Amino acid sequence: MRGRTCGVAALTALLLTSAACSSPYEDNAPRADAGKRTISPVEGCGTTSWTDPAVLSPSRLPARCQPGAPAPKPLAKTRKLTIATGTLSAEYVAPLQVALDKGEFKREGLDVTLKVLPTPDALPLLAKGDLDAIWAAPEAAVMNGLRGGFDIKWVAGNFSPDPGSKSGLWVRLKDGESASHVSMAGRRLGTMIGKGSVIAYPMEKALEKHGGGLDRIQYQQLGSADVLTALENGGVDSAWLLDPVWRKVDGQSAYAFLGGQPQGEPLGGMLYGPSLLQRDVDAGVALLRAYIRTVNSYFAADYKKDEAYVTYLAKLLKADKQILRSTPSLRMDWEIRKGTTDRLQAAYTAQGVFEGDPLPESRTVDRALYEEAVGHRP
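In this report, the structure presented in the accompanying data block is examined. Fair warning: this is a prediction, and the values are worked out from it, not measured in the lab.

Okay, the packing of aromatic side chains next. For the structure shown, the criterion picks out 7 aromatic pairs. On the basis of an interplanar angle of 70° and a centroid distance of 5.9 Å, the ring pair of Phe 299 and Tyr 309 is categorised as edge-to-face. Pair noted here: Phe 299 is in the loop between helix H8 (281–298) and helix H9 (307–317) and Tyr 309 is in helix H9, with a separation of 10 residues, a long-range link. An identical accessibility class is assigned to Phe 299 and Tyr 309; each is buried. By the ring-pair criterion, three or more aromatic residues cluster together here, those being Phe 299, Tyr 303, Tyr 309 and Tyr 312. In this structure, Lys 102 is placed above the aromatic ring of Tyr 312, and the distance from its NZ or CZ to the ring centre is 4.6 Å.

Looking now at the environment of Met 332. Relative to the helices and strands, Met 332 is located in strand S12 (residues 331–332). Met 332 sits in the buried class, given a relative accessible area of 0%. Put simply, Met 332 and Asp 162 are 170 residues apart on the chain and 9.8 Å apart in space, counted from C-alpha to C-alpha. Those residues in contact with Met 332 that sit more than four places away from it in its chain are Pro 62, Arg 64, Glu 91, Pro 95, Asn 158, Phe 159, Val 295, Phe 299 and Tyr 303.

With that settled, the discussion passes to the state of the cysteines. Overall, the coordinates contain 1 disulfide when judged by the stated rule. Here Cys 45 is linked by a disulfide to Cys 65, with a sulfur-sulfur distance of 2.1 Å. The disulfide joining Cys 45 to Cys 65 has a torsion of about 110° about its S-S bond and is therefore right-handed. One end of the pair, Cys 45, is in the loop between helix H1 (2–22) and strand S1 (79–85); the other, Cys 65, is in the loop between H1 and S1, and 20 residues separate them in sequence.

Ordered in space as S8-S7-S9-S6-S10, the 5 strands form an open sheet in which the pairing is mixed. Each edge of the open sheet is held by one strand with a lone partner, namely strand S8 (218–221) and strand S10 (255–260). Taking the axes of each pair of neighbouring strands and ignoring which way they run, one obtains an average angle of 25° across the sheet. Note: strand S6 (residues 168–172) against strand S9 (residues 238–241), 4 bridges, orientation antiparallel. If you follow Val 171 over to S9, its bridge partner there is Ser 238.

The tally for this structure, following the rule as stated, stands at 17 salt bridges. Measuring nitrogen to oxygen at the nearest pair gives 3.8 Å for the salt bridge that ties Lys 128 to Asp 130. Within the structure, one salt-bridge network assembled from shared partners comprises Glu 104, Arg 107, Glu 108, Arg 289 and Arg 293.

Rules used in this analysis
Residues numbered from 1 in each chain as written. Predicted model: local features only at pLDDT ≥ 70, side-chain atom pairs only at ≥ 80, totals over all residues. Heavy atoms only, no water. Phe/Tyr/Trp six-rings, centres within 6.5 Å; stacked < 30°, edge-to-face > 60°. Helix = DSSP H or I, 4+ residues; strand = E, 2+ residues; numbered from the N terminus. Buried < 20%, exposed > 50% of the residue type's maximum accessible area, 1.4 Å probe, protein only. Lys NZ or Arg CZ within 6 Å of the ring centre and 35° of its normal. Contact = heavy atoms within 4.5 Å. Disulfide = S-S within 2.5 Å. Pairing = 2+ DSSP bridges. Axes fitted to C-alpha atoms, helices over the stretch in contact; angles between N-to-C directions. Salt bridge = Lys/Arg side-chain N within 4 Å of Asp/Glu carboxyl O.

Written as structure tokens, this is what we have:
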């Protein structure tokens, strides 16, 4: 893991240097404050279109408007926006792909381009305004960039898992162990992401139940195609398995599922930079309005019950239809829970990739834009 750790350190240094030496956001130019904008009721978005972010119950229902709501409010002039994403084929990117394919962005006067770019490469571009948004997560690199002065906020969530999902931490059991009694201290963990990812938070919760801890395991970063193989052949003792890979070991007595992403709590979504946070908040709200309308229209419930829609999604994502159907539908959710970035920062600190006092939520999260999109007045 030394290479991965050095990579995180190098990225952090780059972010801090960029913020200190070339930040264009320290001038006195007037800014459009999203928190002081006029918020009007939105037809089709009633009491169910906003939920209390402090409620962390796994059984909480995600916010929803009626299909087709919130209605478009086209900008006076077409605005070109570029959103970076690590992939175009993952299911969690489907709302953006559908919004693009169904013309929901165009209905807002937005000309949107989705660009495949890893988060570490996209962050400096977002902070400089060369990118408008990132579809990613508030990872350690993001937090370190914010500490260095970058003007970036997490402005909308993406999804939480279905209760039937077992995407998460799996372990190969030793003699005498069971799913309820596993000793994780000293185990080698295979993961395609490594340290500094948002999975640190749910992984920490799972490890603590079994005598482990983020500082008591060994990390081995592997390619996406190698994680399962390493777990099966003994190269690693445990692994973080994503959809639909965990299906390969589910039901086998030699393996146990220890936990995954918390239900009812998105850990990623849309990140904005100064382009949409300050310079053109109208476009920032319009982008979220199109995203929210797409969720309400095409992902409101268990969308995989519709065979024709699954076929459509598989073609759009260039994914295998049978594999797509093999896992439960994601619970698409544009809202951000209270304290999520606090918990993430605590996990990053435990991993040794984030130092210093945690950043307050006012520095990491901005709910005002999606609240405006659905007509909620704080």
